[in-house]
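Listed here are the chains, written in short residue letters.
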Number of protein chains: 4
Amino acid sequence: MSEIKRVVLAYSGGLDTSVILKWLQETYRCEVVTFTADLGQGEELEPARKKAEMLGINPKHIFIEDLRETFVKDYVFPMFRANAVYEGLYLLGTSIARPLIAKRQIEIAREVGADAVCHGATGKGNDQVRFELGYYALNPDIKVIAPWREWDLTSRTKLIEFAEKHQIPIAKDKRGEAPFSVDANLLHISAEGKVLEDPWEAPEEYVFSRSVSPEDAPDEPTIITVDFERGDPVAVDGEALSPAALLTRLNKLAGDNGIGRLDLVEGRFVGMKSRGVYETPGGTILLQAHRAIESITLDRGAMHLKDELMPRYAELIYNGFWFSPERRMLQALIDESQAKVNGTVRLKLYKGNVIVQGRKSPDSLYSMEHVTFEDDQVYDQRDAEGFIKLNALRLRLLNRQQG
Amino acid sequence: MSEIKRVVLAYSGGLDTSVILKWLQETYRCEVVTFTADLGQGEELEPARKKAEMLGINPKHIFIEDLRETFVKDYVFPMFRANAVYEGLYLLGTSIARPLIAKRQIEIAREVGADAVCHGATGKGNDQVRFELGYYALNPDIKVIAPWREWDLTSRTKLIEFAEKHQIPIAKDKRGEAPFSVDANLLHISAEGKVLEDPWEAPEEYVFSRSVSPEDAPDEPTIITVDFERGDPVAVDGEALSPAALLTRLNKLAGDNGIGRLDLVEGRFVGMKSRGVYETPGGTILLQAHRAIESITLDRGAMHLKDELMPRYAELIYNGFWFSPERRMLQALIDESQAKVNGTVRLKLYKGNVIVQGRKSPDSLYSMEHVTFEDDQVYDQRDAEGFIKLNALRLRLLNRQQG
Amino acid sequence: MSEIKRVVLAYSGGLDTSVILKWLQETYRCEVVTFTADLGQGEELEPARKKAEMLGINPKHIFIEDLRETFVKDYVFPMFRANAVYEGLYLLGTSIARPLIAKRQIEIAREVGADAVCHGATGKGNDQVRFELGYYALNPDIKVIAPWREWDLTSRTKLIEFAEKHQIPIAKDKRGEAPFSVDANLLHISAEGKVLEDPWEAPEEYVFSRSVSPEDAPDEPTIITVDFERGDPVAVDGEALSPAALLTRLNKLAGDNGIGRLDLVEGRFVGMKSRGVYETPGGTILLQAHRAIESITLDRGAMHLKDELMPRYAELIYNGFWFSPERRMLQALIDESQAKVNGTVRLKLYKGNVIVQGRKSPDSLYSMEHVTFEDDQVYDQRDAEGFIKLNALRLRLLNRQQG
Amino acid sequence: MSEIKRVVLAYSGGLDTSVILKWLQETYRCEVVTFTADLGQGEELEPARKKAEMLGINPKHIFIEDLRETFVKDYVFPMFRANAVYEGLYLLGTSIARPLIAKRQIEIAREVGADAVCHGATGKGNDQVRFELGYYALNPDIKVIAPWREWDLTSRTKLIEFAEKHQIPIAKDKRGEAPFSVDANLLHISAEGKVLEDPWEAPEEYVFSRSVSPEDAPDEPTIITVDFERGDPVAVDGEALSPAALLTRLNKLAGDNGIGRLDLVEGRFVGMKSRGVYETPGGTILLQAHRAIESITLDRGAMHLKDELMPRYAELIYNGFWFSPERRMLQALIDESQAKVNGTVRLKLYKGNVIVQGRKSPDSLYSMEHVTFEDDQVYDQRDAEGFIKLNALRLRLLNRQQG
């Protein structure tokens, strides 16, 4: 075990990370610095401060930050420019939050002179990889502590015992096993494990917290507009909103209309398949809206190249390579394409459906003049013959020479 | 203008292709062979026979064929193995039918000794390309007639005049301009043009014919199962069905539940953007179901490779390159992956939504034993440390050496 | 035939473009503006001025420009950052020059108020496509004249007759057919057609003009160094050189050592295969040298992504899509990767071989400390076990579940 | 440490694997089965048998096999169908041999009832990964022993002491440190480490053993032909040869002419860069010859798709994923393309150069009739206008609408 002097812990204020805090003090005999971020998970942060103080953390070593705007502006939006989905469906809600947390931990470590960082992710999941690749990419000499891979508190009972022994307060509803594991931020909330482990069984309604079911959504549709500038959403229903405010607004609109639930089995980077149940209400609208505005403003060649590279880009984010050179390279390519992705999309939200109703743009490439069934002065239909003939030439030679 | 002796016309029996038939006889002074295929477009074919006879076609030169099973088995299903969508959304319903029609025209041309083939697609669209690339790929010496690129019947009025002059019967509702243009087969029905040309305006309800709107769909969900073997659907609700019967069944189930509508702007191969309104009810279920069964039976490496190549594969089909070597190569790759894509998916259909409720398979790669939050005997969490450390090594070196 | 008022002709001063000049005046009764560029083809430009004057061109409409530095800096070097080769071998010497000529023609057209541009490429080749895609991309309303596709001067005899009739001077050696067709610039010289049409026959020695044969090269090797900054070469043997001067220097060094010949059959964009014989002496060194400096300065993930996208990038350039959004997007991705591609490569040039002898860089990612066979303090070999175990996990599950 | 009963060791008969043999017996107290394969490394195998016997291995547990034909036919040739090179240059000589050894070890383990396998690769390199991914892919329950990651014989001195203590014979020239580490098979011989660790220093001549230097090669070129069937070479100079005999022949021809040396820095899968010096004489000819025969027999679309996927395919082999589903999928795609890759290539070998002199094929797609500068009856140059116009359309719209 390495010598550790000071460690920056990603601290939620919950039971698990409080146990980790104490375990770090006891095991490494080191000073613990806590970092608690508001990424829109929907929890008060001040209790985390109190709890950290109570557990003996030096007040100036308690970092509590509202990162919602940064999170949406510098992580969520760039990712949505790519229309990123993992394995055809997953909107990467957890994956995209980890790099930001990792980055702030490393920055704080530099600030307070810490030589280590610590996270509360288990040894089976993707999050440990995402945190640690972020740490190492930003500080190659940092020491990393992953208690779930090290300690022997391998059952709920042991964890509770340790908490009791160290006078860590335990909320009543945390004494028993949670029926599933949760991660939340402004983009999504995920549920996995335990009662959700059988992929043949549909999740019960109580699993969901950010959306009503399509069945319970209003019988009347809601019509909205989303405005885009340079590929990013900037207004809802004509009202300009900051990134986090905009996503918050879309979350509400979508959640109220039963939009954004996803139940899937995904391939983890560590090699096993797992089942996740996700709610990404605003993100689900955003993906459709962005595709719709691109459909009239993005050149076909640009769009197809983006589409071909998207799965790789999504895989990089899923696997934790946000700070890799290849992610940055792909981002440069994607961002290059978005300069004219401006305009407005009108959408109907109705019982789980996001229905594009219209798109318009000052930079629209859609040309009624060209596409019309009427006579036009801009397109010579005879050009099509030559176009086809030369596209066909290699196929004809192939048939003629090779049968 | 080339000398033509005998031409095989893709003949629907409708007004336009009847005018073409007559125009061919008159312009090329050649013998016309008609080919009418049932691809599930939902029209009687026998009237086409009568009309062809009436227009002077030799009965033995009237070819009428039910190609529905071939269409679904050899074209639709292989394409769905790839989860093919064009520009993120379009299920390629028109694109996938053209190669089969082209192939049969070329085969019939060989059979009856024709030296030319003819289609009724316009000079602005993708279909001319799809037909003609198919023709040339299968017979490099075939002559191709594309009347819409050649003749001067460039307005509805002229077309009607020509029809009247040549005693071609005109259905009452065909005298005026249709409000939009339609293409239909067992996979989908499309509408485009005229009243649909403004992409800011949502399509009116009367545009749709294969699905009720989500709003008009039943308030009670419908639960179904779909069984897969080697990547293809083989049964619905446990009942084994032939390919065409299965797709017909899914079309009904989906259409009744408001599923499968799509309104988009797409990039045509000929270079302009156009707006299409599509209904692909059964196909929409099929795509979700196939992804769901793959999610538990397909290895991650296999799936990600497929996902990366899908946009290219879809583009090839959209652009008319079904009979190209590169489409065959991609198909070989895709088919290689599907040997164990077996099992059952349970879906909830509800007001436009296709909600995966469960998936199971005798070949499932999902391992509860590995994924469990409980202790297990199969996964050593300490392995994750080495996995992360070596994945991080290049990123650490990068930071250390290049800052 | 469209009405043309003034046309900018890409004018070499040679017989063919002089005939075109005259033919334009006669056929379109329009004013001709000549544009002659020095791209390093190795010909005097002033004779072109005289000839243009003699053919009646207004002196202020004769544009003669030395574009060598721009050509190498803004076209050749960006392309070499990508290690671009077409079909595994071709260094794109002709392809990369066309966009610059097209761009200047359009700019001059704007300057002089011309409504058309004209080039001397034939209707079978790639160059017509490269010129015209460039024209249209930069000015969508420009009119394009491609005489070789329009006129009836379809044989050498007719061309000579036309020249004689219009008193166009004909150099003695231009009366007969050239034994092959040539294109040259600072990057390469190509030969194709006629005596080179049989791909089973090797080209005769007289086809080559920029390099001695490996057999005739010196028996003593030449050792050189090339320095790179941000992915571009900046010095040879320690001497800083401008882009064009550097490429000129490498051309000499390589040509003297029998380096840079290439004989291949390539797939043209218009659909046929053609045989080309190329000399790219300096470029051949540059490709090896750039790969060598990347090998120590470019992260593996970055390099592999670049390698995967290179064929697409090369295809875009070959096909004439330099000014397309997708080429710009790929360029953004490539350039993003080159910030630390700095350092020195030492090469041995010997009878056709470019042999990398050493590479070093202040930004080297190569770490002796890590790679050493001796004990080290930076790499824990036990990490490899976890790395392998988790990489293997999906393969083990696959075997266990699907056999 | 796991309980092991019987282990199959990849045994070369050399000092290192003899030490491993003994160490296994001592450490695991298990029965050792030796497997020694002739992959063309150029060593006698019978001494390995004697040594194994001497070290106490049961004669029926000594497996010695000549796998040269299998190696070339089922591993080398399929890989060359893809024109696989790693990081632009490396012909994957070591990488492609490991899967075959792993496969035979697993098969022998099954045969003799062994529960473990063992290899002699170090913990820093790629070979450990290649061996072990192969093992696990073929038998998910096999136990793997990697002595270099486990034992404490971490210096040459300790290794020699262990050998002496256990009466393992030590060849005189093995007492000291080897100046570099070697791997050899019929495709290549590699050298790395120690004296080669500085990438700025060129390798000395004594590092090479399969080729003369270009300088020392004959002054007269050697002309050869290679015949291909379905993408694989089948004859040299018209003489039909088995796969291994053919590669042996090419190795001799190339090595005598100074062909096939490569000195590079490559990115290892485990995350560091390393320097390798390779000789792949026959393979270097084979790559050029295969590209040349493809240049006239492979459709452009097929070739470009192959070229784009090649880096991924090469990466998979380099990283040890030969037995992965994605490698098999890519192989299916590649093999699909090779059905008509038939014909003959003529090559000049001269002082390090492989110069293609001609290619011909009964299935050639090269059409003189199309490509000729003379008048032809098969290509209408006016088609090019339409081809260009429609390819340009999206670029024109882009400029017009977005400037």
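Note: the structure precedes this text.
For the structure given in this document, a descriptive report is provided here. (Residues numbered from 1 in each chain as written. Chains lettered and ligands numbered in written order. Predicted model: local features only at pLDDT ≥ 70, side-chain atom pairs only at ≥ 80, totals over all residues. Heavy atoms only, no water.)

## So, the nonpolar core
Basically, it comes down to this: To define a nonpolar core, start from buried Ala, Val, Leu, Ile, Met, Phe, Trp, Tyr and Cys residues and group those joined through side-chain atoms within 4.5 Å. Note on classification: 1.4 Å probe, protein chains only; a residue is buried when its accessible area is under 20% of the maximum for its type, exposed when over 50%, partly exposed between these limits. Pairs of residues are marked as contacts when any of their non-hydrogen atoms sit within 4.5 Å.
Ranked by size, the top nonpolar core spans 420 residues in total, and within it Phe71 of chain A, Phe71 of chain B, Phe71 of chain C together with Phe71 of chain D carry the most contacts. Not counting residues within four places of it along the chain, the set of residues in contact with Phe71 of chain C comprises Leu39, Val76, Ile96, Ala97, Leu100, Asn185, Leu186 and Leu187 of chain C. Among the nonpolar cores identified, the runner-up in size contains 31 residues, and Val7, Tyr28, Cys30 and Ile62 of chain B belong to it.

## So, the relation of the copies chain A and chain B
Operational definition: Alignment of copies: least-squares fit on C-alpha atoms of residues with pLDDT of at least 70 in both copies.
Placing chain A over chain B gives an RMSD of 0.0 Å and needs a rotation angle of 180°, together with 0.0 Å of translation along the axis. The transformation just described matches what one would write down for a two-fold rotation axis. Relative to the rotation axis, the C-alpha of Glu308 of chain A is the closest in chain A, positioned 2.9 Å from it. Comparing interface residues between copies, 100% of those in chain A also lie at the interface in chain B; the contact surface is shared.

## Observations concerning the packing of helix 1 (residues 15-28) of chain C against helix 7 (residues 156-165) of chain C
Residue and element names in this part refer to chain C. This is how the line gets drawn: Between N-to-C directions, angles span 0 to 180 degrees; the directions come from axes that are lines fitted to C-alpha atoms, helices contributing only their stretch in contact. Strands are runs of DSSP state E lasting at least two residues, helices are runs of H or I lasting at least four, and both sets are numbered from the N terminus onward. Here a crossing is taken to be left-handed if its near helix is turned anticlockwise relative to the far helix by less than a right angle, and right-handed if that turn runs clockwise. Gly falls in the polar group here, along with every residue not listed as nonpolar (Ala, Val, Leu, Ile, Met, Phe, Trp, Tyr, Cys, Pro) or charged (Asp, Glu, Lys, Arg).
Where helix 1 contacts helix 7, the two axes come as close as 10 Å, and the packing angle between them is 65°. The way helix 1 lies across helix 7 gives a crossing that is left-handed. Contacts from Leu15, Asp16, Val19, Lys22, Trp23 and Glu26 of helix 1 reach helix 7 at Arg156, Leu159, Ile160, Phe162 and Ala163. Split by residue class, the contact of helix 1 with helix 7 holds seven nonpolar, no polar and four charged.

## Some points on the relation of the copies chain D and chain C
After a rotation of 180° and a shift along the axis of 0.0 Å, chain D superposes on chain C with an RMSD of 0.0 Å. Of the interface residues in chain D, 100% have counterparts in chain C that sit at the interface too, so the contact is made through matching surfaces.

## Looking at the interface of chain A and chain B
Rules: Accessible area that two parts lose when put together, evaluated with a 1.4 Å probe and summed over both, is termed the buried area. Salt bridge criterion: a side-chain nitrogen from Lys or Arg within 4 Å of a carboxyl oxygen from Asp or Glu. Under the rule applied, a polar contact is a pair of N or O atoms within 3.5 Å (in protein, one hydrogen donor and one hydrogen acceptor; residues adjacent in sequence only if both atoms are side-chain atoms).
On the chain B side, the residues contacting the 103 residues of chain A number 103 residues. Summed over both partners, the interface of chain A with chain B buries about 9,300 Å², with 58% contributed by carbon and sulfur atoms. Put simply, chain A and chain B have eight salt bridges between them. Note that Asp263 of chain B and Arg359 of chain A form a salt bridge whose closest N and O atoms lie 3.0 Å from each other. Inspection of the region where chain A meets chain B yields 46 residue pairs in polar contact (both at pLDDT 80 or more). If you tally residues by element for the side of chain A that touches chain B, the top one is helix 13 (residues 383-402) of chain A, at 13 residues.

## Details of the packing of helix 3 (residues 68-81) of chain B against helix 8 (residues 243-256) of chain B
Residues and elements named next belong to chain B. Rules: Roughly parallel means an angle under 35 degrees; roughly antiparallel means over 145; roughly perpendicular covers 65 to 115; every other angle is labelled oblique.
One way to put it is that helix 3 packs onto helix 8 with a least axis distance of 7 Å and a crossing angle of 80°. Classified by the angle their axes make, helix 3 and helix 8 are roughly perpendicular. Across from Arg68, Glu69, Val72, Lys73, Val76 and Phe77 in helix 3, the residues of helix 8 making contact are Pro243, Ala244, Ala245, Leu246 and Leu247. In terms of residue class, the contact of helix 3 with helix 8 is made up of eight nonpolar, no polar and three charged.

## Comments concerning the sheet that holds strand 4 (residues 116-118) of chain A
Residues and elements named next belong to chain A. Basically, it comes down to this: A pair of strands is treated as paired once DSSP finds two or more bridges between them.
In space, the five strands of this open sheet follow the order 3-2-1-4-5, with parallel pairing throughout. Unpaired on one side and paired on the other, strand 3 (62-66) and strand 5 (143-145) mark the two borders of the sheet. Recorded for the sheet is a direction-independent mean angle of 20° between the axes of neighbouring strands. Sheet analysis places strand 1 (residues 6-10) next to strand 2 (residues 31-38), joined by five bridges and oriented parallel. Bridge pairing in strand 2 places Val7 opposite Val32. The strands that helix 2 (residues 46-54) touches are strand 2 and strand 3; relative to strand 3, the one it contacts most, it runs at about 175°.

## Points about the interface of chain D and chain C
Often the size quoted for an interface is simply the accessible area lost on bringing the parts together. Facing the 103 residues of chain D at the interface are 103 residues of chain C. For the pair chain D and chain C, the two sides together bury roughly 9,200 Å², of which 57% comes from carbon and sulfur. Inspection of the chain D/chain C interface yields eight salt bridges. Two residues, Arg394 of chain D and Glu326 of chain C, come together in a salt bridge whose shortest N-O distance is 2.5 Å. Counting the contacts that link chain D with chain C gives 47 residue pairs in polar contact (both at pLDDT 80 or more). Among the elements that line the side of chain D that touches chain C, the one with the most residues is helix 13 (residues 383-402) of chain D, at 13 residues. Across the side of chain D that touches chain C, the residue classes break down as 41 nonpolar, 25 polar and 37 charged.

## Structural notes on the packing of aromatic side chains
Heads up, the rule is: Aromatic pairing here means that ring centres of Phe, Tyr or Trp (its six-membered ring) are within 6.5 Å. Orientation follows from the plane angle: under 30 degrees is stacked, over 60 is edge-to-face, and everything else is tilted. By definition, being over a ring means that NZ of Lys or CZ of Arg is both within 6 Å of the ring centre and within 35 degrees of the ring normal.
In the structure shown here, the tally under the stated rule is 46 aromatic pairs over all chains. An angle of 25° between the planes, with centres 5.3 Å apart, marks the rings of Tyr75 of chain C and Trp322 of chain C as stacked. Of this pair, Tyr75 of chain C sits in helix 3 (residues 68-81) while Trp322 of chain C sits in the loop between helix 10 (300-319) and helix 11 (325-337), and the two are 247 residues apart along the sequence. Tyr75 of chain C sits in the buried class, given a relative accessible area of 5%. The buried category is assigned to Trp322 of chain C, whose relative accessible area is 4%. Ring pairs connect the aromatic residues Phe269 and Phe321 of chain A, Phe387 of chain B, Phe387 of chain C together with Phe269 and Phe321 of chain D, which therefore count as one cluster. If you follow Arg346 of chain A out to its NZ or CZ, it ends over the ring of Trp200 of chain B, 4.6 Å from the centre. A cation sits over an aromatic face here: Arg261 of chain C above Phe208 of chain C, 3.8 Å from the ring centre.

## Focus: the sheet that holds strand 12 (residues 273-279) of chain D
Residues and elements named next belong to chain D. Overall, antiparallel pairing links the four strands, which are arranged 6-7-12-11 in an open sheet. Single-partner strands in this sheet number two, and they are strand 6 (181-184) and strand 11 (261-267). The average angle at which neighbouring strand axes cross in this sheet is 25°, direction not considered. With four bridges connecting them, strand 7 (residues 189-192) and strand 12 associate as antiparallel partners. Note on strand 12: the bridge partner recorded for Ser190 is Tyr278.

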